[in-house]
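Below are the chains, spelled out letter by letter.
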Amino acid sequence: MSAPAGPRIVVAQHLAELVETAAEHVRAAASAAIVARGRFRIALAGGSTPRALYPALVRGVDWTRATVFFGDERAVGPADPQSNYRMARETLLDPAGVPPADVFRWRGEDPDLEAAARDYESKLTANVAPPWLDLALLGLGPDGHTASLFPGTTALAEESKLAVAVDVPAQATRRLTLTYPALCGAREVCFLVTGREKASALAAVLRRSAPDLPAARIMRRAGPVTVFCDADAARGLSEDEVP
Ligand code: 6PG
């Protein structure tokens, strides 16, 4: 069996162009999922990069036919400034009027994060057959992490659970994250990567020069992967790596 072709790279010169291109892609994925299966199941990315994208998704997606999950969450409550759920609620979920019953956040405030992870896995898998997600939106950290799959952590060894709690010494914290089985098993994966500080990591994960980096493993998965990046993040790529 030939190796997966690798991700499609979409480079935009400016953030506004990147946002609209990525938003259009998500809108098309949502429409296709709703036509085919009646629902669009998406896992939103955390961090700061998606703050630029989410307002563009308020329109053009039938959010009454969507079920919203999160790729990961910090060990905080929903009102905490660090919360990925809070960021998405402020930039997308509230403005789009996404029905709260269709939004499944991680219980980051739970003192028992392992229980919170088991709870989340049960929500992700309730009443549906795999693939559990139509689209997983992901970011990229400068160290090649994605979601809360950080290099050197125990979550990388998880090959059966879909959701785990994980110690992240590099961040001096604990996190909740979907695992490789959940993210590599999505119908489609899209990365959104911007900024000069991501150029080295993006080149490394695309070149497979660091095959064990978490984002590299997801980018090499068999299913479709699209990397939406700006010129700053793509500066480390050679001519033949950028379409
Ligand atoms: C998180 C994200 C994480 C993020 C990257 C990039 O909870 O922080 O899941 O994987 O996507 O760290 O973060 P920025 O978009 O802030 O650069």
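Note: the structure precedes this text.
Residues numbered from 1 in each chain as written. Predicted model: local features only at pLDDT ≥ 70, side-chain atom pairs only at ≥ 80, totals over all residues. Heavy atoms only, no water.

A look at the overall build of the protein chain
Each helix and strand in the protein chain was counted, giving seven helices and nine strands. Relative to the compact-globule value of 18 Å for 243 residues, the protein chain shows a C-alpha radius of gyration of 17 Å, a close match. Each of the three principal axes of the protein chain carries a C-alpha extent, and together these read 45 × 40 × 40 Å. Looking at the protein chain as a whole, 53% of its 243 residues qualify as buried. Taking all contacts inside the protein chain whose residues are at least 6 apart in sequence as the whole, residues at least 24 apart take part in 74%. Of the roughly 10,400 Å² of accessible surface on the protein chain, 53% is carried by carbon and sulfur atoms. Considering the protein chain, the positive charge centre built from 27 side chains and the negative charge centre built from 29 side chains are found 2 Å apart. (Helix = DSSP H or I, 4+ residues; strand = E, 2+ residues; numbered from the N terminus. Rg over C-alpha atoms; globule rule 2.2 N^0.38 Å. Buried < 20%, exposed > 50% of the residue type's maximum accessible area, 1.4 Å probe, protein only. Contact = heavy atoms within 4.5 Å. Areas by Shrake-Rupley, 256 points an atom, 1.4 Å probe, with all protein chains shown as cover. Lys, Arg positive; Asp, Glu negative; His and termini not counted. Charge placed at Lys NZ, Arg CZ, Asp CG, Glu CD.)

Looking at the sheet that holds strand β4 (residues 72-74)
As summarised here, the arrangement of the three strands in space is β4-β7-β6, forming an open sheet in which the pairing is antiparallel. The outermost strands of the open sheet, each flanked by one partner alone, are β4 and β6 (163-168). Within this sheet the neighbouring strands show an average axis-to-axis angle of 25 degrees, counted without direction. Of the pairings in the sheet, the one linking β6 to strand β7 (residues 173-178) comprises six bridges and is antiparallel in character. Considered in β7, the bridge of V168 is made with T173. (Pairing = 2+ DSSP bridges. Axes fitted to C-alpha atoms, helices over the stretch in contact; angles between N-to-C directions.)

A short note on unusual backbone geometry
A cis amide bond links P130 with the next residue in sequence, P131, at an omega value of 0 degrees. Its location among the elements puts P131 in the loop between α4 (113-125) and β5 (135-138). Of note, the phi angle at N127 is positive, near 60 degrees, even though the residue is not glycine. Position of N127 among the secondary structure elements: in the loop between α4 and β5. Unusually for a residue other than glycine, A172 sits at a positive phi of about 50 degrees. On the secondary structure map, A172 appears in the loop between β6 and β7.

Quick word on the environment of S209
Looking at where S209 falls in the secondary structure, it is placed in the loop between α6 (199-207) and α7 (214-219). S209 sits in the exposed class, given a relative accessible area of 55%. Leave out the neighbours within four places in its chain, and S209 touches A203 and A204.

Regarding the packing of aromatic side chains
Describing an aromatic ring pair means giving the distance of the ring centres and the angle of the ring planes. Applying the stated rule across the entire model yields four aromatic pairs. Ring geometry for W106 and Y120: centres 4.0 Å apart, planes at 10 degrees, overall stacked. Here W106, found in the loop between α3 (84-96) and α4, pairs with Y120, found in helix α4; they are 14 residues apart in sequence, far enough to count as distant. Put simply, the rings of F69, F104, W106 and Y120 touch in pairs and so form one group of aromatic residues. If you follow R105 out to its NZ or CZ, it ends over the ring of Y85, 5.9 Å from the centre. One residue, R217, lies across the ring of Y180, its end atom 4.0 Å from the ring centre. (Phe/Tyr/Trp six-rings, centres within 6.5 Å; stacked < 30°, edge-to-face > 60°. Lys NZ or Arg CZ within 6 Å of the ring centre and 35° of its normal.)

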